[in-house]
Amino acid sequence: FLGAVEVSQLLLPESLRLLPLLALSFTKSPALRASKPQNRDVSWKGAPSPDADGRARWLQHLNRATPRALSAAIYPAVYSLRQILDGERAVPLDASVASLQGDDVHVIFTGFDTYLLVGKQASPRLQEEVFGGPPPARGIPTGPADGH
């Protein structure tokens with residue numbers, strides 16, 4: 001039996017085939033991502049990182065989350081608002097850059113947070129339907145409300 005399999009190959013049952021991918025995805029969550037350096041003089045080029053309060057919030061959510069919520073945190077649900085506004089059934093898209101369209105507005109649900117991703121080419125008419133008025137002249141604010 002072992003003669004047909006390379007020694008370095010990891011053999012997993014079908015139910016655990018995605019475990020390495022899910023573990024890697026989980027390490028990129030705000031609960032386990034590295035924090036920004038406290039020294040403001042140091043340049044930080046890493047992924048957006050949580051502060052202590054954000055990390056504590058995520059750890060609290062993860063501690064009491066259901067398996068469904070944990071699954072959404074690792075692999076978020078992405079929906080096209082254009083499809084929903086056109087009266088189509090809301091079908092989740094693949095959570096990948098390839099499925100995002102620059103002329104659409106997408107809803108991303110992580111199990112804990114909900115985000116709106118507005119494509120750079122999203123028409124003012126679509127933005128008006130989504131936000132209930134004309135799009136802001138300077139664009140839609142991103143990040144925390146206090147600007148930090």
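Each remark here, short or long, concerns the structure printed above.
Everything numeric in this text was worked out from a predicted model, so none of it was measured.

Student: Break down the environment of Arg33 for me, with residues and values.
Tutor: Positionally, Arg33 belongs in the loop between helix H1 (19-27) and helix H2 (52-63). Residue classification places Arg33 among the partly exposed residues on the basis of a relative accessible area of 23%. For Arg33 and Pro50, which are 17 residues apart along the polypeptide, the C-alpha to C-alpha distance reads 7.7 Å.

Student: Give me the pattern of salt bridges: which residues, what numbers.
Tutor: Using the criterion set out here, one finds 3 salt bridges in the structure. Two residues, Arg57 and Asp113, come together in a salt bridge whose shortest N-O distance is 2.3 Å. With Arg57 in helix H2 and Asp113 in the loop between strand S2 (105-109) and strand S3 (114-118), this pair connects stretches of sequence that are 56 residues apart. You can call Arg57 partly exposed: its relative accessible area is 33%.

Student: Let's hear about the environment of Ser99: which residues, and what values?
Tutor: Tracing the sequence through the fold places Ser99 in the loop between helix H4 (81-85) and S2. For Ser99, the residues in contact, after removing those within four places along its chain, are Leu93, Asp94 and His106. At a separation of 2.4 Å, a polar atom in the side chain of Ser99 contacts the main-chain carbonyl oxygen of Asp94. Within the structure, the side chain of Ser99 is placed 2.9 Å from the backbone oxygen of Ser96, a separation counted as a polar contact.

Student: Outline the sheet that holds strand S1 (residues 77-80), supporting the account with residue identities and numerical values.
Tutor: Sheet architecture is open: 3 strands sit in the order S1-S2-S3, paired in antiparallel fashion. The open sheet is flanked by S1 and S3, the only strands paired with a single partner. If you compare each strand with its neighbour and ignore which way they point, the axes differ by 20° on average. Pairing of S1 with S2, which is carried by 4 bridges, proceeds in the antiparallel orientation. Each bridged residue has a counterpart across the sheet, and for Ala77 the counterpart in S2 is Phe109. Lying on the sheet, helix H5 (residues 124-131) is in contact with S2 and S3; it crosses S3 at an angle near 160°.

Student: Give a description of the packing of aromatic side chains that names residues and reports values.
Tutor: For any two aromatic rings, the description comes down to two numbers: the centre-to-centre distance and the angle of the planes. Applying the stated criterion across every chain, the model contains 1 aromatic pair. A ring pair is formed by Trp58 and Phe112, whose centres lie 4.8 Å apart and whose planes are at 85°; its orientation type is edge-to-face. Here Trp58, found in helix H2, pairs with Phe112, found in the loop between S2 and S3; they are 54 residues apart in sequence, far enough to count as distant. The same class applies to Trp58 and to Phe112, which are both buried.

Student: A description of the pairing of S3 should follow, citing residues and the corresponding values.
Tutor: Looking along a regular strand, one sees the side chains alternate between the two faces of the sheet. As paired strands, S2 and S3 are joined by 5 bridges and run antiparallel to one another. Bridging across to S3, Ile108 finds its partner in Tyr115. Counted along the chain from S2 to the antiparallel partner S3, the turn is 4 residues long, and its residue Gly111 has a positive phi close to 95°.

Student: Describe helix H3 (residues 67-74), and please don't skip the residues or the numbers.
Tutor: Taken together, the buried positions of H3 are Ala69, Ala72 and Ala73. For H3, the arc enclosing every buried residue in end-on projection is 105°, short of the 170-degree limit, so these residues lie on one face. Exposed and oriented more than 90 degrees from the buried face of H3 are Pro67 and Arg68.

Rules used throughout
- Residues numbered from 1 in each chain as written.
- Predicted model: local features only at pLDDT ≥ 70, side-chain atom pairs only at ≥ 80, totals over all residues.
- Heavy atoms only, no water.
- Helix = DSSP H or I, 4+ residues; strand = E, 2+ residues; numbered from the N terminus.
- Buried < 20%, exposed > 50% of the residue type's maximum accessible area, 1.4 Å probe, protein only.
- Salt bridge = Lys/Arg side-chain N within 4 Å of Asp/Glu carboxyl O.
- Contact = heavy atoms within 4.5 Å.
- Polar contact = N/O pair within 3.5 Å; in protein donor to acceptor, adjacent residues only side chain to side chain.
- Pairing = 2+ DSSP bridges.
- Axes fitted to C-alpha atoms, helices over the stretch in contact; angles between N-to-C directions.
- Phe/Tyr/Trp six-rings, centres within 6.5 Å; stacked < 30°, edge-to-face > 60°.
- Arc of directions from axis to C-beta.

None of the figures reported here should be taken as evidence of function without further support.
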